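# Observations on chain architecture
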Amino acid sequence: MVDTRRRFFLRSAAKAKVQPLPWIADRDNFTDQCTRCGECHLVCEEQVIVNGDGGFPSIDFSKGECTFCYACAEQCPEKLFAPETEKPWEQVITIKDTCLTFKGVECRSCSDVCDTRAIRFQLTQGQVAQPNINLHDCTGCGACISPCPVNAIAMENTGNE
């Protein structure tokens, strides 16, 4: 019997959390249905699909953002993906206490790359501008994660996935 609690013993605590691909129809049975063929890796225009645990494809936002091109779903030989008309996933970003602006350092790297302008900075008297996330506008694309100099941005699941 394998002790799964020891699984991450030699991995860095700062390592990014496993991020599933967008539009996965059945996340609970994904590892049973995915053949790990690698077709999704080959067609990803942003090259953010990597081999995750067990060689299963996952998104690595440290490499960039998901543009929701749907190419991974179209290329997949298995029936793993929901239709493109559905939401790709139920997730948004959160900003942790380690954000430079919370420490009084001016930084807006996350808002500079946010195409939907879900991250905006609000001026505050006597402080540097503070980040404000509009969760309705956040698509969960992950564009803001890689440019953050202190890894203060994380993805949070908001649905029943």
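Per chain, residues are indexed from 1 in the order of the written sequence. Given that this is a predicted model, residues contribute local features only at a pLDDT of at least 70 and side-chain atom pairs are listed and counted only at 80 or more, while totals for whole chains, interfaces and linings are drawn from all residues. With hydrogens and water stripped out, all remaining heavy atoms of the structure feed into the side-chain values.

As recorded in an unreviewed UniProt entry, the protein chain goes by the name Ferredoxin-type protein NapF, listed as coming from Grimontia sedimenti. Regarding the protein chain, the UniProt comment filed under Function (unreviewed entry) reads as follows: "Could be involved in the maturation of NapA, the catalytic subunit of the periplasmic nitrate reductase, before its export into the periplasm." UniProt positions are given in the numbering used here, feature names are shortened, and annotations may be inferred rather than shown by experiment. The record in UniProt for the protein chain states the following under Sequence similarities (unreviewed entry): "Belongs to the NapF family."

On to the UniProt feature "binding site: [4Fe-4S] cluster 1" (unreviewed entry) in the protein chain, then. In the numbering used here, UniProt assigns the "binding site: [4Fe-4S] cluster 1" (unreviewed entry) feature to C34, C37, C40 and C44. Each helix is a run of DSSP H or I of at least 4 residues and each strand a run of E of at least 2, with the numbering of both proceeding from the N terminus. Within the fold, C34 resides in the loop between α1 (30-33) and α2 (39-43). Contact definition: two residues touch when any of their heavy atoms are within 4.5 Å. Sequence-distant contacts of C34, defined by excluding residues within four places in its chain, comprise F56, P57 and L80. By relative accessible area, C44 is classed as buried at 10%. Think of it in three bands: with a 1.4 Å probe and only protein chains considered, a residue is buried below 20% of the maximum accessible area for its type, exposed above 50%, and partly exposed in between.

Salt bridge, as used here, is a side-chain nitrogen of Lys or Arg placed within 4 Å of a carboxyl oxygen of Asp or Glu. Summed over all chains, the structure comprises 2 salt bridges. Measuring nitrogen to oxygen at the nearest pair gives 3.6 Å for the salt bridge that ties E90 to K87. Overall, the relative accessible area of 56% leaves K87 in the exposed class. As a salt-bridge pair, E106 and R108 come within 2.8 Å of each other at their nearest N and O atoms. We classify E106 as partly exposed; its relative accessible area is 46%. On the basis of relative accessibility, which here comes to 32%, the residue R108 falls in the partly exposed class.

With respect to the helices, strands and loops of the structure, Q122 is situated in strand β4 (residues 119-122). The residues touching Q122, leaving out its near neighbours within four places in the chain, are A129, Q130 and N132.

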